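Below, each chain spelled out in residue letters.
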Amino acid sequence: MDFSLINPKQSSPLDLSRKVKLISSKPNLQELALNFSDINYGLVDCKVLATPNLSLMFGNIQLQPNIKLKSETPDNRVNFPFLLEGEIASRFYSYPQKQLLTANSHNAIHLTRTAGEHQLPLGKVKTFHISLSSDYFFDTFSSEDKVTETLKNSIDIQRPEVASTRPGHLNAEMKGIISSICNNPFEGDMKKMYLEIKTLELISLQMFQLGNINQRGVERNRNHQDLAYAVRSFLESDITATWTLVELAKKFATNIQTLKTSFKAAFDTGIFAYYQQLRMDHALTMLRDQNNSIVEVTEWLGYSHQNHFSAAFKKYYGYPPSEALKR
């Protein structure tokens with residue numbers, strides 16, 4: 001997949017292919033970096049890993065408000081976008097429906113030799129993108145669920161297709177696999193093997209979740225969906241607060257059961273599980289990327305004691321916060 005930037009003031013897109021630098025090239029595995037920064041366009045800071053069967057791109061993209069990202073798919077591919085932060089609205093020339101991904105969501109789409117334009121409504125995204133050749137996907141995944149069957153049928157008749165009209169929720173298990181892929185500890189053939197195994201594991205979880213979403217039906221009660229998104233926005237507005245279901249239900253003028261079922265239907269996770277994910281994700285960022293101390297994070301998140309925060313952190317990530325400081 002090739003990338004360029006579209007500026008409405010310029011007659012032609014800015015090709016980013018010349019900005020790609022080779023980090024390492026080993027048998028059946030290439031590592032590349034796409035680094036670009038321009039005050040008139042924005043910033044692209046991504047890493048690319050490619051094997052004969054798949055390619056991955058992950059990192060940060062931050063564009064100026066009037067700039068679009070253009071992608072070109074020269075062959076038939078099945079793409080699996082995972083959005084960790086921000087929002088991205090995509091329009092592919094060969095597929096009529098506009099695709100929208102928000103933070104902590106994912107989907108899959110089969111594309112047939114096409115280009116697409118992508119807008120970042122919030123300016124910045126943190127993305128993790130998998131691309132498989134159509135033949136590799138067709139031969140690797142069996143049609144045991146409706147989502148995989150739909151994608152394989154679209155490959156068979158050479159037609160673009162989105163796996164689900166409703167994106168899935170990027171849960172903690174999926175985020176853990178993404179983190180493992182980005183921090184692959186191996187070298188040589190083991191690195192390629194680990195990369196492909198974890199990628200297939202992630203896609204399998206994704207297909208399973210999207211299949212469950214489709215089985216429950218795409219059409220939801222609009223009032224319940226609006227309620228779920230309003231609650232999510234409210235939780236994201238202050239991750240230091242503590243709320244009970246009774247308090248949330250009262251605030252949104254509903255009952256506890258409607259609150260729980262609406263949120264679960266919209267995001268495939270519980271309210272408190274989602275809120276804990278928000279808090280732990282932010283705690284990890286404060287420790288690893290912002291160099292805050294464990295004491296500072298404990299106080300900021302409102303834990304009464306450092307041990308309580310450490311226990312919650314370890315339960316969520318599988319290692320203590322002191323390890324996050326070293327990573």
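Preceding this section is the structure that the text describes.
This structure is a prediction, so every number in the text was calculated from the model and none was measured. (Residues numbered from 1 in each chain as written. Predicted model: local features only at pLDDT ≥ 70, side-chain atom pairs only at ≥ 80, totals over all residues. Heavy atoms only, no water.)

## What to know about the overall build of the chain
Put simply, the rule is: Secondary structure elements follow DSSP: runs of H or I of four or more residues count as helices, runs of E of two or more count as strands, with numbering from the N terminus. This radius of gyration counts C-alpha atoms alone. The globule rule is 2.2 Å times how many residues there are, raised to the power 0.38. For each residue, the accessible area found with a 1.4 Å probe, counting protein chains only, is set against the maximum for its type, and the residue is called buried under 20%, exposed over 50%, and partly exposed in between. Contact between two residues is taken to exist if any of their heavy atoms lie within 4.5 Å; hydrogens are not considered. For the area figures, the Shrake-Rupley method with a 1.4 Å probe applies, and any residue is considered shielded solely by the protein chains shown. In this tally, Lys and Arg are treated as positive and Asp and Glu as negative; His is ignored, and so are the chain termini. In this description, the location of a charge corresponds to atom NZ of lysine, CZ of arginine, CG of aspartate or CD of glutamate.
Counting its regular elements, the chain contains 11 helices and 14 strands. The globule rule puts the C-alpha radius of gyration for 327 residues at 20 Å, and the 21 Å found for the chain is close to it. When the backbone C-alpha atoms are referred to their principal axes, the chain occupies close to 55 × 45 × 45 Å. Within the span of the chain, comprising 327 residues, buried residues form 48% of the whole. Expressed as a percentage of contacts within the chain between residues at least 6 apart in sequence, the contacts between residues at least 24 apart total 65%. Approximately 16700 Å² of the chain is accessible, and the part contributed by carbon and sulfur atoms is 50%. Positive and negative side-chain charges of the chain, numbering 36 and 33 respectively, have mean locations separated by a distance of 3 Å.

## Quick notes on the environment of Lys126
Locating Lys126 in the fold gives a position in strand 12 (residues 124–133). Overall, Lys126 belongs to the partly exposed group, its relative accessible area being 28%. Separated by 177 residues in sequence, Lys126 and Tyr303 have C-alpha atoms that sit 28 Å apart. Contacts of Lys126, omitting those with residues within four sequence positions, involve Gly59, Asn60, Phe82, Leu83, Leu84 and Glu85.

## Some remarks on a nonpolar patch on the surface
Defined as follows: Like charges within 9 Å and nonpolar side chains (Val, Leu, Ile, Met, Phe, Trp, Tyr) within 5 Å are joined into patches, using only residues over 30% in relative accessible area that form no salt bridge. We count a salt bridge whenever a side-chain nitrogen from Lys or Arg sits within 4 Å of a carboxyl oxygen from Asp or Glu.
There is a patch of nonpolar side chains on the surface, built from Met190, Met193 and Ile197 and spanning about 300 Å² of accessible area. For Met190, the position within the fold is in helix 4 (residues 188–216).

## Describing the pairing of strand 1 (residues 2–6)
So the rule is basically this: The pairing criterion is simple: DSSP has to find at least two bridges between the two strands.
In terms of residue burial, strand 1 counts as a mostly covered element, since four of its five residues are buried. Where strand 1 meets strand 2 (residues 14–15), two bridges bridge the pair, whose relative direction is antiparallel. Of the residues in strand 2, the one forming a bridge with Ser4 is Asp15.

## Points about the pattern of salt bridges
A complete count under the given rule lists 11 salt bridges for this structure. Measuring nitrogen to oxygen at the nearest pair gives 2.4 Å for the salt bridge that ties Lys175 to Asp281. Pair noted here: Lys175 is in helix 3 (residues 172–182) and Asp281 is in helix 8 (residues 271–288), with a separation of 106 residues, a long-range link. A single salt-bridge network, built from bridges that share partners, covers Glu31, Lys47 and Lys191.

## Side note on the packing of aromatic side chains
For clarity, the threshold we go by: Ring pairs shown here join Phe, Tyr and Trp side chains whose ring centres sit within 6.5 Å, with only the six-membered ring taken for Trp; geometry is labelled stacked below 30 degrees between planes, edge-to-face above 60, and tilted in between. Definition used: whenever NZ (Lys) or CZ (Arg) falls within 6 Å of the ring centre and also within 35 degrees of the ring normal, the charge is taken to sit over that ring.
What the rule picks out here adds up to 18 aromatic pairs. The interplanar angle of 70 degrees and the centroid separation of 6.3 Å between the aromatic rings of Phe36 and Tyr41 together place this pair among those described as edge-to-face. Just as Phe36 is buried, Tyr41 falls in that class too. A ring pair is formed by Phe234 and Phe252, whose centres lie 5.8 Å apart and whose planes are at 80 degrees; its orientation type is edge-to-face. With Phe234 in helix 5 (residues 222–237) and Phe252 in the loop between helix 6 (245–251) and helix 7 (256–267), this residue pair connects regions lying 18 residues apart in the sequence. For Phe234, a relative accessible area of 18% corresponds to the buried category. A relative accessible area of 21% means that Phe252 is categorised as partly exposed. In this structure an aromatic cluster arises from ring pairing among Tyr303, Phe309, Phe313, Tyr316, Tyr317 and Tyr319. In this arrangement the basic side chain of Lys152 is found over the ring face of Phe138, its NZ or CZ atom lying 4.6 Å from the centre.

## Considering the nonpolar core
To keep it simple, the criterion reads: Residue types Ala, Val, Leu, Ile, Met, Phe, Trp, Tyr and Cys, when buried and joined through side-chain atoms within 4.5 Å, form a set referred to as a nonpolar core.
With 31 residues, the main nonpolar core has Phe80, Phe128, Ile130 and Leu132 as its most contacted residues. Elements that contribute at least two residues to this core include exactly strand 6 (54–63), strand 7 (68–85), strand 12, helix 1 (134–140), helix 2 (146–156), helix 3 and helix 4. It is helix 4 that provides the largest number of residues to this core, a total of six residues. Those residues in contact with Leu132 that sit more than four places away from it in its chain are Asn53, Leu54, Asn76, Arg77, Val78, Phe80, Phe137, Phe141 and Ile203. Membership of the second largest hydrophobic core comes to 20 residues, among which are Phe3, Val48, Leu69 and Leu120.

## Description of the side chain of Thr148
Its place among the elements puts Thr148 in helix 2. Looking at Thr148, the relative accessible area reads 1%, which means it is buried. Leave out the neighbours within four places in its chain, and Thr148 touches Phe137, Phe141, Ser142, Ser143 and Met207.

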